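# Secondary and tertiary structure notes
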Amino acid sequence: MKRLAKWRLLPLFAILALVLSGCRGENFVSALRPAGEVADMQFGLMKLSTYVMIGVILVVMIIFVIIFFRFRRKDDKDETIPKQVEGSHTLEIIWTAIPILLLLILAVPTVSATFRLADVSPMDKKNSDALVINVRSHLYWWDFEYPGQKLVTSQELVVPTNERVYFNLKSLDVKHSFWIPAAGGKLDTNTDNINKFWLEFDDKRSNEAGNLFYGKCAELCGPSHALMDFKVKAISRDKFDAWVTAMQDIKEPQKAQSDLAVQGQDIFNKSCIGCHAVTPENKMPDTARQAPNLTNFGDRARIAGFLDHNKEKLKQWISNPETYKPGNLMTGKYDQMSPQELDALAEYLMGLKVQE
């Protein structure tokens, strides 16, 4: 019974391992559900390293079991000493060569993938057709500029599927890290240099995910680090071109469509427009952008990156953002608004749409 007591937790761990083996996560946010070329490469390396580790563990366990049963003492009087193998050149060569071989199995595809992922030469070529997006991170939101299309938007990245999208990453306050788990690994946004990389979104797997992926900040940047989310709308090239055209057609702030929205637009022009832009054209340097661009706010999937997109949540966010994102720079700006003013402002903002 004492021997069995040592193994009493083994069934629990076995069941736990079986349950956790199915935890691949949702396809719009899980690194274990790859949705593009980069994610496929990185997932392949993850599987390769896992197979190698499992193989090593199995071989060691098999050797251990064989030695344990073959050379164990038959009784207390058995003083037989197994044959000693120290100094065996054959064994020394084997257990030196095997780790080297395993390292090569891991190193060759890893180095190859590293060079492929680091190739951002198309974005630096003149007259290149490559789609380049400048990502700027702030406390606690994201800014996306399309220099070739002369557009700026925030919090919701729109990309075409089945083609490489190139990114310039920079932070305008503290270090952050740009990460779309389903599309590829993370890369830091620094204040003193620009990091570059590319991602690709598979059309079929994007459709399976509802054409919407979740992005995260993967660098501890402050009290609202875990809430610094953004969304990625991955759509076909035709739909992407239509979105670009619709955005480019907005030269002036959109006019309110109802009496309540007109009141909201007046409030916005008096209280908010000093920080928030409502036209997509980039007319200011990066350092002058104090808050997210709201040109297509009504089309977005989330408020502040993670709240449900409806008027009630919007009013709660405007009146008390500190409750939802501690340490954000909008705290205390609009807490004196009356319920009527909040209704009007929410009505106006939810009507900022570029595509019906």
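Structure: above.
Residues numbered from 1 in each chain as written. Predicted model: local features only at pLDDT ≥ 70, side-chain atom pairs only at ≥ 80, totals over all residues. Heavy atoms only, no water.

All right, on to the overall build of the protein chain then. Tallying secondary structure elements over the protein chain gives ten helices and twelve strands in all. A principal-axis box enclosing the C-alpha atoms of the protein chain has dimensions of 100 × 55 × 35 Å. Considering the protein chain as a whole, with its 356 residues, one finds that 38% of them fall into the buried category. The long-range share in the protein chain, meaning contacts at least 24 apart out of those at least 6 apart in sequence, stands at 66%. Working note: accessible area of the protein chain is about 20,900 Å², and carbon and sulfur atoms make up 60% of it. (Helix = DSSP H or I, 4+ residues; strand = E, 2+ residues; numbered from the N terminus. Buried < 20%, exposed > 50% of the residue type's maximum accessible area, 1.4 Å probe, protein only. Contact = heavy atoms within 4.5 Å. Areas by Shrake-Rupley, 256 points an atom, 1.4 Å probe, with all protein chains shown as cover.)

This part is about helix H8 (residues 311-319). Burial in H8 covers these residues: Leu314, Lys315, Trp317 and Ile318. Each buried residue of H8 lies within a common arc of 160° when the element is viewed along its axis, so the set occupies one face. If you follow the buried residues of H8, they end up packed against strand S11 (302-303), strand S12 (307-308), helix H9 (321-324) and helix H10 (339-350). With a side-chain oxygen lying 3.2 Å from the backbone nitrogen of Glu312, the N-terminal cap of H8 falls on Asn310. (Arc of directions from axis to C-beta. Polar contact = N/O pair within 3.5 Å; in protein donor to acceptor, adjacent residues only side chain to side chain.)

The geometry of an aromatic ring pair comes down to the distance between the two centres and the angle between the two planes. Tallied over the entire structure, the rule returns 15 aromatic pairs. Between Phe178 and Phe197, the ring centres sit 6.1 Å apart and the planes meet at 85°, which makes this aromatic pair edge-to-face. Note that Phe178 is positioned in strand S6 (residues 176-179) and Phe197 in strand S8 (residues 195-200), a separation of 19 residues in sequence. Owing to a relative accessible area of 10%, Phe197 belongs among the buried residues under this scheme. Among the aromatic side chains, those forming a connected cluster through ring pairs are Trp142, Phe144, Phe167, Phe178, Phe197 and Phe230. Stacked on the ring of Trp198, the Lys or Arg Arg164 has its end atom at 3.8 Å from the ring centre. Sitting over the ring of Tyr214, Lys231 keeps its end group 4.3 Å from the ring centre. (Phe/Tyr/Trp six-rings, centres within 6.5 Å; stacked < 30°, edge-to-face > 60°. Lys NZ or Arg CZ within 6 Å of the ring centre and 35° of its normal.)

With respect to the helices and strands, the residue Asn190 is situated in the loop between strand S7 (187-189) and S8. Given a relative accessible area of 11%, Asn190 falls into the buried group. Only 2.4 Å separates the side chain of Asn190 from the side chain of Lys175, close enough to count as a polar contact. Within the structure, Asn190 has its side chain in polar contact with the side chain of Asn193 (distance 3.1 Å). Non-local contacts of Asn190, meaning those with residues more than four positions away in its chain, are made with Lys170, Ser171, Lys175 and Asn195.

If you trace the five strands from one edge of the open sheet to the other, you get S3-S2-S1-S5-S8, paired in mixed fashion. What marks the edges here is a single partner per strand, and that holds for strand S3 (151-154) and S8. Averaged over all neighbouring strand pairs, the angle between strand axes comes to 25°, with direction disregarded. Both strand S2 (residues 141-146) and S3 contribute to a ladder of four bridges, which runs antiparallel. By the bridge assignment, Tyr146 is partnered in S3 with Leu151. On the sheet, helix H6 (residues 237-248) packs against strand S1 (131-138), S2 and S3 and is oriented at approximately 100° with respect to S3. (Pairing = 2+ DSSP bridges. Axes fitted to C-alpha atoms, helices over the stretch in contact; angles between N-to-C directions.)

Moving on: the state of the cysteines. Evaluated as defined, the whole model comprises zero disulfides. Unpaired in terms of disulfides, Cys217 finds its nearest cysteine sulfur in Cys221, a separation of 3.9 Å. (Disulfide = S-S within 2.5 Å.)

Here we take up the packing of helix H3 (residues 37-70) against helix H4 (residues 89-117). Running from N to C, H3 and H4 cross one another at 170°; their axes reach a closest spacing of 11 Å. As summarised for this structure, H3 and H4 are arranged roughly antiparallel, according to the angle between their axes. Along its contact with H3, which presents Glu37, Val38, Met41, Gln42, Leu45, Leu48, Ser49, Val52 and Val56, the element H4 presents Leu102, Ile105, Leu106, Pro109, Thr110, Ala113, Arg116 and Leu117. In terms of residue class, the contact of H3 with H4 is made up of twelve nonpolar, three polar and two charged. (Parallel < 35°, antiparallel > 145°, perpendicular 65-115°, else oblique. Nonpolar A, V, L, I, M, F, W, Y, C, P; charged D, E, K, R; others polar.)

With that out of the way, let us pick up the side chain of His309. In this fold, His309 is placed in the loop between S12 and H8. In terms of polar contacts, His309 uses its side chain to reach the backbone carbonyl oxygen of Arg300, at 3.4 Å. Those residues in contact with His309 that lie beyond four places of it in its chain are Phe297, Gly298, Arg300, Ala301, Arg302, Ile303 and Met350.

This part covers the environment of His276. Note that His276 resides in the loop between helix H7 (259-271) and S11. Overall, His276 belongs to the buried group, its relative accessible area being 10%. Residues His276 and Lys353 lie 77 residues apart in sequence; the distance between their C-alpha atoms is 15 Å. Leaving out residues up to four positions away in the same chain, His276 has contacts with Phe268, Ala291, Pro292, Leu294 and Met330.

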